[in-house]
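Notes for the structure review
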Amino acid sequence: DAPIVADPLPKFTLTAAQKKRAELMKKRGEIRIGMPRVLNMYSMTPLFTGYFASLGVKAENLVYSDYTSEQLYKEGAKRGAIDPCFPAKIGISHVYNLIQEKHKKKPLNVIFFPMYDVLTSPLVNLQGTNACPTVTATPETVKAAFTKENDVFGENNIKYIDPVLNFKDRKLFAFQMLSVFQPVLSVTH
């Protein structure tokens, strides 16, 4: 139940830039965003759900990959990454599931799989709260797996968004999200 904070549609659109922005704003309610149900997405999903809802993206258009299972892993692992870390390795299978299962049923516009750098913590006097480097880089590994031989995202008309996010610095986080979603959702600051 996040309140909508997005700008209302402009009354007048005179310039090409204003017309383009108004068009993107109209599409916000219909944009479909796929998110892999893996790694830190579990703990951060409420934040992203509220963020997108407050911009006018409908809750039913936030699409999550299926839960991790042996079948999900086997279907997506063919693109494979040689990685000893199963949580990082399973990221490819979750994105595969979004493309091959969810997108085929009803097309996705975006797959959002952010890289988590600095996390928040209730603990005090810490030297740092950085995420595991392997986990942080998993979205880049996934992108490479789907673009090395051919651009699977482009072929399916899906924009893959994998920004580095800092959860400890709220202003930086807001800037990072604005930077990647401004061209997609036409948000302003």
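The structure we're discussing is the one just above.
Below, the structure is looked at part by part. (Residues numbered from 1 in each chain as written. Predicted model: local features only at pLDDT ≥ 70, side-chain atom pairs only at ≥ 80, totals over all residues. Heavy atoms only, no water.)

**Overview of the overall build of the protein**
Each helix and strand in the protein was counted, giving seven helices and six strands. In the protein, the succession of α and β elements from N to C terminus is α-β-α-β-α-α-β-β-α-α-β-β-α. Relative to a compact globule of 189 residues, whose C-alpha radius of gyration would be 16 Å, the protein shows 17 Å and is just as compact. For the protein, the spread of C-alpha atoms along the three principal axes comes to 55 × 45 × 30 Å. Looking at the protein as a whole, 43% of its 189 residues qualify as buried. The long-range share in the protein, meaning contacts at least 24 apart out of those at least 6 apart in sequence, stands at 70%. (Helix = DSSP H or I, 4+ residues; strand = E, 2+ residues; numbered from the N terminus. Rg over C-alpha atoms; globule rule 2.2 N^0.38 Å. Buried < 20%, exposed > 50% of the residue type's maximum accessible area, 1.4 Å probe, protein only. Contact = heavy atoms within 4.5 Å.)

**Brief notes about the environment of Pro 3**
Among the structural elements, Pro 3 can be located in the segment before helix H1 (16–27). Note on Pro 3: relative accessible area 60%, which makes it exposed.

**Brief notes about the sheet that holds strand E2 (residues 62–64)**
One open sheet holds the four strands; their spatial order is E2-E1-E3-E5, and the pairing between them is parallel. Where the open sheet ends on each side, the last strands, each with one partner, are E2 and strand E5 (159–161). Strand after strand, the sheet turns through a mean of 25° between neighbouring axes, direction not considered. Against the sheet, helix H4 (residues 86–105) engages strand E1 (33–35), E2 and strand E3 (110–112), with an angle of about 115° to E2. (Pairing = 2+ DSSP bridges. Axes fitted to C-alpha atoms, helices over the stretch in contact; angles between N-to-C directions.)

**Observations regarding the packing of aromatic side chains**
Considering all chains together, one arrives at twelve aromatic pairs under this definition. On the numbers, 5.0 Å between centres and 85° between planes, the contact of Phe 48 with Phe 112 is edge-to-face. One end of the pair, Phe 48, is in helix H2 (residues 41–54); the other, Phe 112, is in strand E3, and 64 residues separate them in sequence. Given the relative accessible area of 0%, Phe 48 is considered buried. Ring geometry for Tyr 116 and Phe 167: centres 5.1 Å apart, planes at 15°, overall stacked. Of this pair, Tyr 116 sits in strand E4 (residues 115–118) while Phe 167 sits in the loop between strand E6 (164–166) and helix H7 (170–185), placing them 51 residues apart in sequence. Owing to a relative accessible area of 2%, Tyr 116 belongs among the buried residues under this scheme. (Phe/Tyr/Trp six-rings, centres within 6.5 Å; stacked < 30°, edge-to-face > 60°.)

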